[in-house]
Amino acid sequence: MRIILLGPPGSGKGTQAQLLVERYGIVQLSTGEMLRAAVAAGTPVGLKAKEIMASGGLVPDDVVVGIISDRIDQPDAKNGFILDGFPRTVPQAEALDELLRQKHLKLDAVIELRVNESALLSRVETRVAQMRERGEEVRLDDTPEVLTKRLASYRSQTEPLIHYYSERRKLSTIDGMMAIDEVTRAVHRQLLALGAVEPKTHGKGTAKGTSKSAAKAAPAKKGAAKAKTAKRAAKTAKKTAKSAKKAAKKAAKGAKKAVKKTAKKTVKKAAKKTAKKAVKKGAKKAAKKVTKKRAKR
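Residues numbered from 1 in each chain as written. Predicted model: local features only at pLDDT ≥ 70, side-chain atom pairs only at ≥ 80, totals over all residues. Heavy atoms only, no water.

**A short note on unusual backbone geometry**
Part 1 of the reasoning: A cis amide bond, omega -5°, links Phe86 with the succeeding residue Pro87.
Part 2 of the reasoning: One can find Pro87 in the loop between strand S3 (81-84) and helix H5 (90-102).
Part 3 of the reasoning: A positive phi angle, near 55°, is found at His104, a position not held by glycine.
Part 4 of the reasoning: Within the secondary structure, His104 is located in the loop between H5 and strand S4 (109-114).
Part 5 of the reasoning: Looking at His104, the relative accessible area reads 75%, which means it is exposed. (Helix = DSSP H or I, 4+ residues; strand = E, 2+ residues; numbered from the N terminus. Buried < 20%, exposed > 50% of the residue type's maximum accessible area, 1.4 Å probe, protein only.)

**Description of the nonpolar core**
Part 1 of the reasoning: Counting residues in each nonpolar core, the largest one holds 30 residues, and the members touching the most others are Ile4, Leu6, Ile68, Leu96 and Tyr165.
Part 2 of the reasoning: The set of elements that each furnish at least two residues to this core consists of strand S1 (2-6), strand S2 (27-30), helix H2 (31-41), helix H4 (61-72), S3, H5 and helix H8 (160-167).
Part 3 of the reasoning: With 6 residues, the single largest contributor to this core is H4.
Part 4 of the reasoning: Once residues lying within four places of it in the same chain are set aside, the contact partners of Tyr165 are Ile4, Leu6, Pro87, Ala93, Leu96, Leu107, Val110, Lys170 and Leu171. (Core = buried A, V, L, I, M, F, W, Y, C linked by side-chain atoms within 4.5 Å. Contact = heavy atoms within 4.5 Å.)

**Focus on H4**
Part 1 of the reasoning: With 12 residues, H4 should cover 16 Å at 1.5 Å per step; its first-to-last C-alpha distance of 16 Å lies within 8% of that length.
Part 2 of the reasoning: Taken as a whole, H4 has its buried residues at Val63, Val64, Val65, Gly66, Ile67, Ile68, Ser69, Arg71 and Ile72.
Part 3 of the reasoning: Check the buried side of H4 and you find it contacts S2, H2, helix H3 (44-54), S3 and H5. (Expected span 1.5 Å × (residues − 1).)

All we've got here are geometric facts, nothing functional implied.
In structure tokens form, the structure reads like this:
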């Protein structure tokens, strides 16, 4: 996903950008950080920016676009990015569109966090008053006076981008006055509607998130392996029981047959013996009768 978050100072863009980075594994591209990195790396556009900055001038749009071009070519921006602090004006938005066109990339969404300026000023005033009561130092750029100037600058320079991206059907507007988690859910729903897909590992774009996911997945993997082994063991036990049952049935059949055979043999033997005994007894009786008859004569 390639995203731009629009909204005045204090609308919560920074908070939502960080949550999107964690959720989708994309990178947040801050023009200030990119400028400093390019200067430190000594790239051609970085050297040009360094020269301009050293003389106290503002870095022109073409140099900023050149730095963005180099940055989005890096591997970590392959899955997408959120632009922070750019574009601020319509000419910058046009230059960005041209850059993405040349790289055959498209801008997926421009999300505007709409807020009530009076409520923002009230928040800052309350925060500053509380800090002073606690004896804490108030940042020079975190006062109602500075915020008023920044809001005026936003209205004159950046607010025209709302119309620019609305005409191109890229703009989605979300109520930035809701609670942070409600704004986050609204942004997520909008991105899902545009076809955003969260990484499967959901590593949240950080090593910490990756290790957390890995740690969470490890027990599940171990459990799955255990379940598989148990299933295999149960299958083997079932097979063995079946074989044992079959063998027992066969043995019982054989034993029954053997008993039947033995009984038959015993009966036959006993019958033979009885018959023999009867014949012998009959012969003996007949002989005795004959002898008795002869003696009478």
